[in-house]
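Below are the chains, spelled out letter by letter.
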Amino acid sequence: DGGITQSPKYLFRKEGQNVTLSCEQNLNHDAMYWYRQDPGQGLRLIYYSQIVNDFQKGDIAEGYSVSREKKESFPLTVTSAQKNPTAFYLCASTNTGGGDIQYFGAGTRLSVL
Amino acid sequence: QKEVEQNSGPLSVPEGAIASLNCTYSDRGSQSFFWYRQYSGKSPELIMSIYSNGDKEDGRFTAQLNKASQYVSLLIRDSQPSDSATYLCALNSGGYQKVTFGTGTKLQVIP
């Protein structure tokens, strides 16, 4: 089945630790996105990538980093510089020419120990 | 002014009634508009997309777009308890395939 796979479903971070959230898609989509969602809030864009080896900062990129070495993969690293990382993280992808419709993975819930 | 504004709710409607969800936006250049449904603890799923003025119907759902007044709405007919969720309004606000989301309206359908 085609789709977007995020792992792990739950993740715990210790003080000063970097953690990486995985996002893999087999939809052959060009563009991929990372969002953060806090309770009762909408989705805020962290980073997005339109093509391999290229990515742009979104509205809240500080404390996060990404890479796009393969079309299928867009991992997000939450660094120790992100002082308030507890949130629900969502990865999405879009097909070029697909009318901007975004398809989402199941999400990763990150908490701080 | 927020780019996409929604009433946070909760909006409570009895089962079988019509639920009306509204969204206003600030960027007149927006071209693509979406309604996503998000159940608690789950990821958003697309309900409707609309790109031109007027109504677009899909089953029990109707999206309405009025670019002159800068609003988009979602009507849910014959509301069911399974429709209880948060509904996110989203639009392309000018960036390349970059979508901006509202904070969502929580809908409660009372049996």
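Report on the accompanying structure.

Procedures and definitions
Residues numbered from 1 in each chain as written. Chains lettered and ligands numbered in written order. Predicted model: local features only at pLDDT ≥ 70, side-chain atom pairs only at ≥ 80, totals over all residues. Heavy atoms only, no water. Pairing = 2+ DSSP bridges. Helix = DSSP H or I, 4+ residues; strand = E, 2+ residues; numbered from the N terminus. Axes fitted to C-alpha atoms, helices over the stretch in contact; angles between N-to-C directions. Buried < 20%, exposed > 50% of the residue type's maximum accessible area, 1.4 Å probe, protein only. Contact = heavy atoms within 4.5 Å. Buried area = accessible area lost by both parts, 1.4 Å probe. Salt bridge = Lys/Arg side-chain N within 4 Å of Asp/Glu carboxyl O. Polar contact = N/O pair within 3.5 Å; in protein donor to acceptor, adjacent residues only side chain to side chain.

So, the sheet that holds strand β6 (residues 54-58) of chain B
All names here are of chain B.
Then comes step 1: Strand order in the open sheet formed by five strands is β1-β3-β8-β7-β6, with antiparallel pairing between adjacent strands. The open sheet has two edge strands with one neighbour each: β1 (4-6) and β6. Put simply, the sheet's adjacent strands are angled 20 degrees from each other on average, direction ignored.
Then comes step 2: With three bridges joining them, β1 and strand β3 (residues 19-25) adopt antiparallel strand pairing. Looking at β3, one finds that V4 is bridged to Y25.

Details of the side chain of D83 of chain B
Residue and element names in this part refer to chain B.
Then comes step 1: Residue placement: D83 occurs in the loop between β8 (71-76) and β9 (85-92).
Then comes step 2: Using a relative accessible area of 1% as the deciding quantity, one classes D83 as buried.
Then comes step 3: Excluding anything up to four places from it in sequence, D83 contacts R37, R60, F61, I76, D78, L107 and V109.

As for the interface of chain B and chain A
Then comes step 1: Taken together, the 20 residues of chain B in the interface contact 27 residues of chain A.
Then comes step 2: Between chain B and chain A, a total of about 1,700 Å² is buried, with carbon and sulfur atoms accounting for 53% of that surface.
Then comes step 3: Summed over the shared surface of chain B and chain A, the result is zero salt bridges.
Then comes step 4: Across the chain B-chain A interface, the total number found is three residue pairs in polar contact (both at pLDDT 80 or more).
Then comes step 5: Mapped by element, the contributors of at least two residues to the side of chain B that touches chain A are β4 (33-38), β5 (45-50), β9 and β10 (99-101) of chain B.
Then comes step 6: Element by element, the count of residues in the side of chain B that touches chain A is highest for β4 of chain B, at three residues.

Thoughts on the pairing of β3 of chain B
Residues and elements named next belong to chain B.
Then comes step 1: Every second residue of β3 is oriented toward a common face, the buried set being A19, L21, C23 and Y25 and the non-buried set S20, N22 and T24.
Then comes step 2: Relative to β8, β3 runs antiparallel, the two being bridged by six bridges. Bridging across to β8, T24 finds its partner in Y71.

Notes on the environment of L43 of chain A
Then comes step 1: Mapped onto the elements of the fold, L43 of chain A is located in strand β5 (residues 43-51).
Then comes step 2: In this view, L43 of chain A contacts Y35, R36, Q37, L90 and F104 of chain A together with P44, L88, F101 and G102 of chain B; residues no more than four positions away in its chain are not counted.

Structural notes on the pattern of salt bridges
Then comes step 1: In this structure the tally under the stated criterion is six salt bridges over all chains.
Then comes step 2: The closest approach of N and O atoms between E45 of chain B and R37 of chain B, which form a salt bridge, is 3.2 Å.
Then comes step 3: Since its relative accessible area comes to 14%, R37 of chain B is described here as buried.
Then comes step 4: For the salt bridge of R77 of chain B with E57 of chain B, the shortest nitrogen-to-oxygen distance reads 3.5 Å. With a gap of 20 residues between them, R77 of chain B in the loop between β8 and β9 and E57 of chain B in strand β6 connect regions that are remote in the sequence.
Then comes step 5: Judged by its relative accessible area of 59%, E57 of chain B falls in the exposed class.
Then comes step 6: Among the charged side chains, a salt-bridge network with shared partners connects R36, D38 and R44 of chain A.

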